[in-house]
Amino acid sequence: MTPDELAGTLDFLRRAEALKSTLRSGRTASGRQESTAEHTWRLCLMAMVLTDGVDGIDANKLLRMCLVHDLGEAIGGDIPATDPRAADKGPQERRDLLALTATLPPARRDEILGLWEEYEAGTSPEAILAKGFDKLETILQHNQGRNPPDFDYAFNLAYGARHTARHPLTAAIRAVLDEGTRARMVPRGEGGAAPAGPPAGG
């Protein structure tokens, strides 16, 4: 790596630090708003611990895809799934990702963009799992978060269903998490936890 390439890479890493302060609408178990960086971290952890024995998967590629899937949010922020803009956020995320990676060496920039585009297309085995895990991590967080009283748990029963149904592994995990969602929909005083606010982006 040349001095210029190193300087550009460090600049990228400094700018990517913004993901630590980019808040999603989801809450942690302590009630604190989670960041995109935290969501990405546990998404990668899910991909690591849940894919043993899954045939036809490049584990390294899957983890890299999970790492970069929300990088553009360092510039544009998170758009919750309940926001009407979420249906067409791809073009803006791509522009933000190009801006964020502009100082990287071209080969690395192209690698990150290629992984993101593959994730967006959702057609490769790795992208199918990455998209499914992305939705599942969000639902898992909603189920364990200390959420506001008006949280719409019912939304989560349909959220991302198209993606989680595309692989037997994500479908099986989804069935378990949906039970957790239904349990949290039970009003307080009937054996359930307190309900909570709008689902986080994903």
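Source: prediction; values computed, not measured.

**Overview of the layout of surface pockets**
Thinking step 1. Put simply, the largest pocket is a space of about 510 Å³.
Thinking step 2. If you list the elements that add at least two residues to the lining of the largest pocket, you get α5 (90-100), α6 (106-121), α7 (125-144) and α9 (161-164).
Thinking step 3. Of all the elements, α6 adds the most residues to the lining of the largest pocket, at four residues.
Thinking step 4. Looking at side-chain class alone, the lining of the largest pocket contains 11 nonpolar, seven polar and 11 charged residues.
Thinking step 5. Around the second largest pocket, the lining is made up of 17 residues, and of these Phe12, Leu13, Leu71, Arg108 and Ile112 lie nearest the centre.
Thinking step 6. Listing elements by their share of the lining of the second largest pocket, those giving two or more residues are α1 (3-16), α3 (59-68) and α6.
Thinking step 7. Residues that form the lining of the second largest pocket fall into these classes: 12 nonpolar, one polar and four charged.

**Looking at the packing of aromatic side chains**
Thinking step 1. On inspection of all chains with the given rule, the structure shows two aromatic pairs.
Thinking step 2. Arranged with centres 4.5 Å apart and planes meeting at 50°, the rings of phenylalanine 151 and tyrosine 153 form a pair that is tilted. Of the two residues, phenylalanine 151 and tyrosine 153, both sit in the buried class.
Thinking step 3. A cation over an aromatic ring shows up here: lysine 131 above the ring of tyrosine 119, its NZ or CZ 4.4 Å from the ring centre.

**Description of the pattern of salt bridges**
Thinking step 1. For the structure on display, the rule yields 14 salt bridges.
Thinking step 2. A salt bridge links glutamate 93 to lysine 89; the nearest nitrogen and oxygen atoms lie 3.8 Å apart. Taken as a pair, glutamate 93 and lysine 89 share a single burial class, namely buried.
Thinking step 3. With its nearest N and O atoms 4.0 Å apart, the salt bridge here joins arginine 109 to aspartate 110.
Thinking step 4. Using a relative accessible area of 47% as the deciding quantity, one classes aspartate 110 as partly exposed.
Thinking step 5. Here the salt bridges share partners, and the residues they tie into one network are Arg24, Glu34 and Asp78.

**Some details on the nonpolar core**
Thinking step 1. Counting residues in hydrophobic clusters, the biggest one holds 32 residues, and the most contacted among them are Leu62, Cys66, Leu71, Ile112 and Phe133.
Thinking step 2. If you list the elements that add at least two residues to this core, you get α1, α2 (36-50), α3, α5, α6, α7 and α10 (168-185).
Thinking step 3. A total of six residues in this core trace back to one element, the largest contributor, which is α7.
Thinking step 4. Residues contacting isoleucine 112, with those up to four places away along its chain left out, are Phe12, Val68, Leu71, Leu97, Thr101 and Leu104.

**Structural notes on α6**
Thinking step 1. Look at α6: 22 Å from first C-alpha to last across 16 residues, which is about the 22 Å you get at 1.5 Å a residue.
Thinking step 2. Those residues of α6 not exposed but buried are Ile112, Leu113, Leu115, Trp116 and Tyr119. For α6, the arc enclosing every buried residue in end-on projection is 155°, short of the 170-degree limit, so these residues lie on one face.
Thinking step 3. Positive phi appears at glycine 122, one or two residues downstream of α6, with a value of about 65°.

**A few points about a nonpolar patch on the surface**
Thinking step 1. Judged by side-chain polarity, Trp41, Leu45, Met48, Val49, Leu50 and Leu63 come together as a nonpolar surface patch covering roughly 560 Å² of accessible area.
Thinking step 2. The element contributing the most residues to the nonpolar patch is α2, with five residues.
Thinking step 3. By the secondary structure assignment, methionine 48 is in helix α2.
Thinking step 4. Taking relative accessible area as the criterion, methionine 48 reaches 55% and is therefore assigned exposed.

**Observations regarding the packing of α7 against α10**
Thinking step 1. For the pair α7 and α10, interaxial distance at closest approach is 10 Å and the crossing angle is 20°. In terms of axis orientation, α7 runs roughly parallel to α10. Here α7 runs over α10; the crossing is left-handed. When α7 is examined against α10, the residues Leu129, Gly132, Phe133, Leu136, Ile139, Leu140, His142, Asn143 and Gln144 are found in contact with a partner set consisting of Leu169, Thr170, Ile173, Arg174, Leu177, Gly180, Thr181 and Arg184.
Thinking step 2. Among the residues making up the contact of α7 with α10, the classes are represented as eight nonpolar, seven polar and two charged.

Analysis parameters
- What you see as residue numbers is a count from 1 along each chain, following the sequence as written.
- Confidence filtering applies because this is a predicted model: local features only for residues at pLDDT of at least 70, side-chain atom pairs given and counted only at 80 or more, and all residues used for totals across whole chains, interfaces and linings.
- Only hydrogens and water are set aside; all other atoms, that is, all heavy atoms of the structure, feed into the side-chain values.
- Here a cavity denotes a set of grid points, spaced 1 Å apart and computed over the protein atoms alone, in which a 1.4 Å probe fits but from which it cannot get out, and a pocket denotes an open set meeting protein on both sides within 12 Å along at least five of seven lines; residues with an atom within 4 Å of a point are reported as lining.
- Grid points are joined across faces, edges and corners, and a volume is the space filled by probe spheres set on the points.
- Helix and strand labels come from DSSP, where a helix needs a run of H or I of at least four residues and a strand needs a run of E of at least two; each type is numbered from the N terminus.
- When residue character is reported, Ala, Val, Leu, Ile, Met, Phe, Trp, Tyr, Cys and Pro are called nonpolar, Asp, Glu, Lys and Arg charged, and the others, Gly included, polar.
- Each Phe, Tyr or Trp ring (for Trp, its six-membered ring) is paired with any other whose centre lies within 6.5 Å, and the angle between the two planes then decides the class: stacked below 30 degrees, edge-to-face above 60, tilted in between.
- The buried label applies to any residue whose accessible area, calculated with a 1.4 Å probe on protein chains only, is under 20% of its type's maximum; exposed applies above 50%, and partly exposed to all values in between.
- Working rule: Lys NZ or Arg CZ, within 6 Å of ring centre, within 35 degrees of ring normal, means a charge sits over the ring.
- Put simply, a salt bridge is a Lys or Arg side-chain nitrogen that is within 4 Å of an Asp or Glu carboxyl oxygen.
- We define the nonpolar core as a collection of buried residues of types Ala, Val, Leu, Ile, Met, Phe, Trp, Tyr and Cys that are connected through side-chain atoms lying within 4.5 Å of one another.
- Throughout, a contact is declared for two residues whenever any of their heavy atoms are within 4.5 Å.
- Multiplying 1.5 Å by the residue count of a helix minus one yields the expected span of that helix.
- Throughout, the arc means that of the directions going from the helix axis to the C-beta atoms.
- Nonpolar side chains (Val, Leu, Ile, Met, Phe, Trp, Tyr) are joined into patches within 5 Å and like charges within 9 Å, using only residues with over 30% relative accessible area and no salt bridge.
- In this description, accessible areas are obtained by the Shrake-Rupley approach with a 1.4 Å probe, and a residue is regarded as covered only by the protein chains that are shown.
- For helices, the axis comes from a line fit to the C-alpha atoms of the stretch in contact; other axes are also lines fit to C-alpha atoms, and the angle between any two N-to-C directions lies between 0 and 180 degrees.
- Any angle from 65 to 115 degrees is called roughly perpendicular, while one under 35 is roughly parallel, one over 145 is roughly antiparallel, and all others are oblique.
- What makes a crossing left-handed is the near helix being turned counterclockwise from the far one by less than a right angle; a clockwise turn instead makes it right-handed.

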